[in-house]
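The residues making up each chain are set out below.
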Amino acid sequence: MGLLVDGVWRDQWYDTKKSGGSFERSAAKFRNWITADGSAGPSGDAGFAAESGRYHLYVSYACPWAHRALIFRKLKGLEDHIGVSAVHSDMLGDGWTFQTDDHGATGDRLYGLPFARDIYLKADPKFSGRVTVPILWDTERETIVSNESSEIIRMFNSAFDAITGNDDDYWPADLRAAIEPVNDRIYETFNNGVYRAGFATTQEAYDAAVHPLFDTMDWIDDRLSEKRYLMGDRLTEADWRLFTTLVRFDKVYHLHFKCNRKRLIDYPHLWAYTRELFQVPGVAETVNFDHIVRHYHYSHETINPHRIIPINPVIDFAAPHGRA
Ligand SMILES: N[C@@H](CCC(=O)N[C@@H](CS)C(=O)NCC(=O)O)C(=O)O
């Protein structure tokens, strides 16, 4: 675990001293957009036109943010158009690596580089910041298009539609204004909330994260008692952003991150909804529980210094969901 400073790797854990024990996620630095015609998106440079075979996605199967991008690649029929490399599940002193002695880790399929940080350095030899996944890479300009998952999924949602012929829309214009506050609350208190609880280094910081987290789960469970999906009868990006945290919840966040007021399976609507999303064709193939369970418990030495991987209960995501 570490970061790059002016292009030089430093092995250090998150610094929570300045923030009273709270984990603060730093903002992603590459914020260009792939668009259908190569025009500039909401941020960054123009010149990233949607083309088959031009872009490559670097992911970790363990990571909920990278998982969003993998799901959109699958749902939007992009697998033949955007290649994928998956890092090793362990993130230790060298950060994410391209070692392959791990089920599903592919190595760097483009360049054969040893570390994910080498991809950042290829884009910017003086890069300063954390080396995070997902990374959306442009093989033509040899740079990072984006390392922000919330924006990568919006690119995947529409930029390649003319190439794939898939115009399924998970960010429909008429729901955008309503999706935003739902995304915001779920991001702050749940997607990032599990990390804020798990990486807290004071009781106060943990308490401040964990209570709002379960308040949000209560709120969503209630909402899903009346609505099939978060926004009603249509599956949207809000659901997929939520799903990648839900699917990890009982196996990792409940124990390792101390999010244990309840388990996911204790919430009737939320649990059935999670199963429904898991059973959407193609989605189960994007979930790698071996990487998920191994990564968190083995990589976070400050939380689990002996690196013991728990056995975990068997949870049947394939059980009928009964939602209609
Ligand atoms: N804002 C980013 C966050 C990505 C992120 O933090 N990924 C984690 C893995 S789950 C990571 O690579 N962390 C490495 C680090 O912080 O050094 C996104 O949503 O794409």
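What you see is a predicted model, and the numbers here were worked out from it, not measured in a lab.

Focus: the UniProt feature "domain: GST C-terminal" (unreviewed entry) in the protein
Phase 1: With numbering aligned to this structure, UniProt lists the feature "domain: GST C-terminal" (unreviewed entry) at residues 168-296.
Phase 2: Taken end to end, residues 168-296 is 64% helix and 0% strand, and its two terminal C-alpha atoms sit 33 Å from one another.

Re the packing of helix α5 (residues 176-191) against helix α7 (residues 203-226)
Phase 1: In the contact formed by α5 and α7, the axes pass within 8 Å of each other and the chain directions differ by 130 degrees. In terms of orientation, α5 and α7 fall into the oblique class. Between α5 and α7, the contacting residues are R185, I186, T189 and F190 on the first element and P212, L213 and T216 on the second.

Observations regarding the domain arrangement of the protein
Phase 1: Domain parsing of the protein yields domain 1 (3-164) and domain 2 (173-281).
Phase 2: A separation of 23 Å is found between the C-alpha centroids of domain 1 and domain 2.
Phase 3: Domain 1 puts 13 residues into the contact, and the matching count from domain 2 is 16 residues.
Phase 4: Mapped by element, the contributors of at least two residues to the side of domain 1 that touches domain 2 are α1 (64-75) and α3 (149-158).
Phase 5: With four residues, α1 is the largest single contributor of residues to the side of domain 1 that touches domain 2.
Phase 6: For the side of domain 1 that touches domain 2, the per-class residue count stands at five nonpolar, six polar and two charged.

Cut-offs and rules
- Residues numbered from 1 in each chain as written.
- Predicted model: local features only at pLDDT ≥ 70, side-chain atom pairs only at ≥ 80, totals over all residues.
- UniProt positions renumbered as here; feature names shortened; annotations may be inferred.
- Helix = DSSP H or I, 4+ residues; strand = E, 2+ residues; numbered from the N terminus.
- Axes fitted to C-alpha atoms, helices over the stretch in contact; angles between N-to-C directions.
- Parallel < 35°, antiparallel > 145°, perpendicular 65-115°, else oblique.
- Contact = placed C-beta atoms within 7 Å.
- Domains from an automatic or database assignment.
- Nonpolar A, V, L, I, M, F, W, Y, C, P; charged D, E, K, R; others polar.

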